[in-house]
Amino acid sequence: MGRPEPAPSQARHVLLKRLADVVCLPESRINAFERAVTADLLVEMLREAGVEERARVAKRLSILAELPNSLVRLLLVDEVEVARPLIEDGEALSDSDLYFCARNGRHGHRILLASRKALPSFLSEILVDSEEMPVIETLLKNSKAEMSQQAVETVVALSQNAPQLIPLLMRRAELRPSSAYILFWWSPAEVRRLILSRFGVNREIMQDMASDVFAMAAQEKWQDAMSRKALQFIERRQRNREALKKSPYDSLEAAIADAAQNGMTRKMAEEIAYLSGIKPSTGAKILRDAGGEGLAVLCKATGLSRKALKALWKALRRPMRTETGQIHPQLAEVLITYDMLAVDRAQTVLRYWNWSLSSALTHVMLKSLSRGEDVDLDTLSVPQRAAMLAFAQEFKA
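Every value quoted in this text rests on a predicted model; they were computed, and no experiment measured them.

Comments concerning the overall build of the chain
Within the chain one finds 26 helices and zero strands. Out of the 397 residues in the chain, the part that is buried amounts to 47%. Restricting the contact set of the chain to residue pairs at least 6 apart, pairs at least 24 apart contribute 65%. Carbon and sulfur atoms make up 53% of the accessible area of the chain, which totals about 20,400 Å².

See below:
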């Protein structure tokens with residue numbers, strides 16, 4: 001607390017110890033009113049006590065099953081060495097006490113809170129909102145801490161500019177596909193493959209459960225937009241047959257071969273996206289991806305061969321070979337990703353990326369983003385929040 005240490009006093013030392021003893025007496029020896037009055041007196045003495053004396057009292061109180069509120073609030077935001085035993089070992093601390101400490105304590109207090117056993121999810125959100133990287137790293141390493149979906153999504157967003165958070169996020173049990181698919185975009189190659197292998201789920205159960213609904217929707221001429229978008233996510237077919245009827249090319253492969261020969265233009269990129277059954281904005285995100293693993297997802301999901309993947313790589317004017325004639329390491333990494341993916345799992349990832357745009361980003365939200373306005377994430381659906389994380393910077397640009 002920055003106060004000069006008072007002169008040693010044997011009487012003060014003994015009285016502090018005795019008052020702490022009284023506060024620590026069991027309920028059979030002292031009633032609640034007597035404990036409260038004694039705690040108030042102890043608080044007044046501790047305001048003028050030295051750090052060692054305050055730390056000694058805090059350590060004594062940390063083992064209690066019930067803590068006087070005025071006393072615990074004083075010590076929780078005291079110097080870190082004073083507050084440490086209470087924060088680390090005080091099982092009697094209420095959620096209100098922890099909230100008070102997180103809001104009113106300093107950086108060192110939040111570090112201690114982040115490592116506390118059985119940390120509730122609401123407190124994780126507060127600690128993440130501090131945007132203090134050492135606090136967040138400590139929290140992510142704490143397997144006993146509970147993290148809400150909102151806290152995870154916030155850390156995913158922060159990891160875009162703090163890559164040291166990515167491996168810690170990947171170890172969290174709370175990480176869900178919606179967040180992992182977005183984390184993919186700024187993760188290194190080995191993490192991307194881990195995301196695709198762990199979170200690239202299949203849709204067999206959904207397909208079985210909805211098998212008769214496709215006929216119902218077709219009979220209704222696909223008039224219900226909500227069910228149409230959901231069924232587009234569930235269905236087995238990825239390529240867009242209607243787009244193929246309107247295309248100057250007789251197949252997706254033919255379009256990619258043309259692009260490989262003549263170069264990728266914006267019009268060609270949009271054509272490939274339409275034929276692949278995705279929006280041009282999703283296709284643009286994949287084609288611009290620096291790592292290239294998104295191309296592997298696109299090709300496997302649409303049933304394209306390794307040869308077509310290489311042609312797409314060439315169309316984007318990416319390096320095919322090294323100076324020694326060996327396959328370029330980046331292309332080799334992308335081909336490894338392609339080989340490890342199953343078609344259905346690749347489709348799930350691709351469709352989630354596309355869904356988070358086509359189903360989520362309304363014209364109102366796009367207008368807000370283009371103007372640089374803030375959007376309240378709490379009011380958004382899961383795919384909307386995913387789209388915001390992955391694509392907001394591009395829309396602002």
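As for helix H2 (residues 32–46)
Two residues of an α-helix separated by three or four positions point the same way, owing to the 3.6 residues in each turn. Here H2 spans 21 Å end to end across 15 residues, near enough to the 21 Å set by a 1.5 Å rise per residue. Looking only at H2, the buried set comprises Arg35, Thr38, Ala39, Leu42, Val43, Met45 and Leu46. The buried residues of H2 occupy one face: seen down the axis, they fall within an arc of 160 degrees. Exposed residues lying more than 90 degrees from the buried face of H2 are Phe33 and Val37.

Examining the environment of Val23
Topologically, Val23 is positioned in helix H1 (residues 10–23). Since its relative accessible area comes to 0%, Val23 is described here as buried. C-alpha of Val23 to C-alpha of Leu67: the two residues are 44 residues apart in sequence and 8.5 Å apart in space.

Considerations on the side chain of Glu53
Here Glu53 lies in helix H3 (residues 51–61). Accessibility expressed as a relative area gives 14% for Glu53, which makes it buried. Every residue in contact with Glu53, bar those within four places of it in the chain, is listed here: Arg12, His13 and Leu16.

How each quantity is defined
Residues numbered from 1 in each chain as written. Predicted model: local features only at pLDDT ≥ 70, side-chain atom pairs only at ≥ 80, totals over all residues. Heavy atoms only, no water. Helix = DSSP H or I, 4+ residues; strand = E, 2+ residues; numbered from the N terminus. Buried < 20%, exposed > 50% of the residue type's maximum accessible area, 1.4 Å probe, protein only. Contact = heavy atoms within 4.5 Å. Areas by Shrake-Rupley, 256 points an atom, 1.4 Å probe, with all protein chains shown as cover. Expected span 1.5 Å × (residues − 1). Arc of directions from axis to C-beta.

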